[in-house]
Amino acid sequence: TEPQYDKTYPKIGLRERLFLYFLMTIIVPLLVFATIYYWQTSEVVLEDIKESNYLEHEKKSIELNHQIAQSKLTLTKVALDYPLQQYIVENDQDSLLNTFLRDKKFVIQPYETLNIYSYRNQLLFSNNENTNRYLDHHFFEKLRDSKKQLSYTIQTDSFNNISLVLGMPIYHHRNTNEIVG
């Protein structure tokens, strides 16, 4: 009698067995290792990018806070300067221009625009020639009601650039209830 073989499963030869062992012992572990390595390195790189972005944003926020503090100081100096108040009351634009050109006590950065408006919302002085002749009505009213406090608004231009506008009312040196600019 002949031994019976199961005909549904074909015989596997030595070459096929060696190839199967090769796959099981080398290729499959290598693929598993490569997958785990890719996953781990992508996690590390992602965390490094997040940390780098956080530090960059933190640095930018510190710079922005410093710039705003400098602008507040400049606005306060402008609002409390007696000769400047006189020039605003007298509507003396030439003296205003000379004050900002010769006096170095008003620190105005190249990226900043300083505008001085009269109590009627008319532009008296600007260090930027492309400035609006009138301040936004809502912001102007907000400044009038601010009682010597710094106010701000955010504006966008025609190119969708966003700018922060800081403002402070200038009161007359004798009558502290009278806004001159």
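What you see is a predicted model, and the numbers here were worked out from it, not measured in a lab.

Peer 1: Lay out the nonpolar core with the relevant residues and their values.
Peer 2: The nonpolar side chains of a soluble globular protein tend to be buried, and buried together. Ranked by internal contacts, the top residues of the largest apolar core, which has 16 residues, are V78, L84, I88, L96, F100 and I116. Breaking this core down by element, the ones donating at least two residues are helix 1 (14-80), helix 2 (82-90), helix 3 (93-102) and strand 2 (123-126). Sequence-distant contacts of F100, defined by excluding residues within four places in its chain, comprise V78, L84, F106, I108, L114, I116 and F125.

Peer 1: Quick rundown of the pairing of strand 3 (residues 151-156)? Include the residues and the values.
Peer 2: Of the pairings in the sheet, the one linking strand 3 to strand 4 (residues 162-167) comprises 6 bridges and is antiparallel in character. Within strand 4, the residue paired with Y152 across the bridge is L166. In this antiparallel pair of consecutive strands, strand 3 and strand 4, the connection spans 5 residues, and N160 shows a positive phi of 70°.

Peer 1: Describe helix 3, listing the residues and the values that go with them.
Peer 2: Every α-helix winds through 3.6 residues per turn, so residues three or four apart in the chain are directed the same way. Among all positions of helix 3, only S95, L96, T99 and F100 are buried. Taken down its axis, helix 3 places every buried residue within 130° of arc, on the same side. For helix 3, exposure combined with an orientation more than 90 degrees from the buried face picks out D94, L101 and R102. On its buried face, helix 3 sits against helix 1, helix 2, strand 1 (115-117) and strand 2.

Scoring rules and cut-offs
- Residues numbered from 1 in each chain as written.
- Predicted model: local features only at pLDDT ≥ 70, side-chain atom pairs only at ≥ 80, totals over all residues.
- Heavy atoms only, no water.
- Core = buried A, V, L, I, M, F, W, Y, C linked by side-chain atoms within 4.5 Å.
- Buried < 20%, exposed > 50% of the residue type's maximum accessible area, 1.4 Å probe, protein only.
- Helix = DSSP H or I, 4+ residues; strand = E, 2+ residues; numbered from the N terminus.
- Contact = heavy atoms within 4.5 Å.
- Pairing = 2+ DSSP bridges.
- Arc of directions from axis to C-beta.

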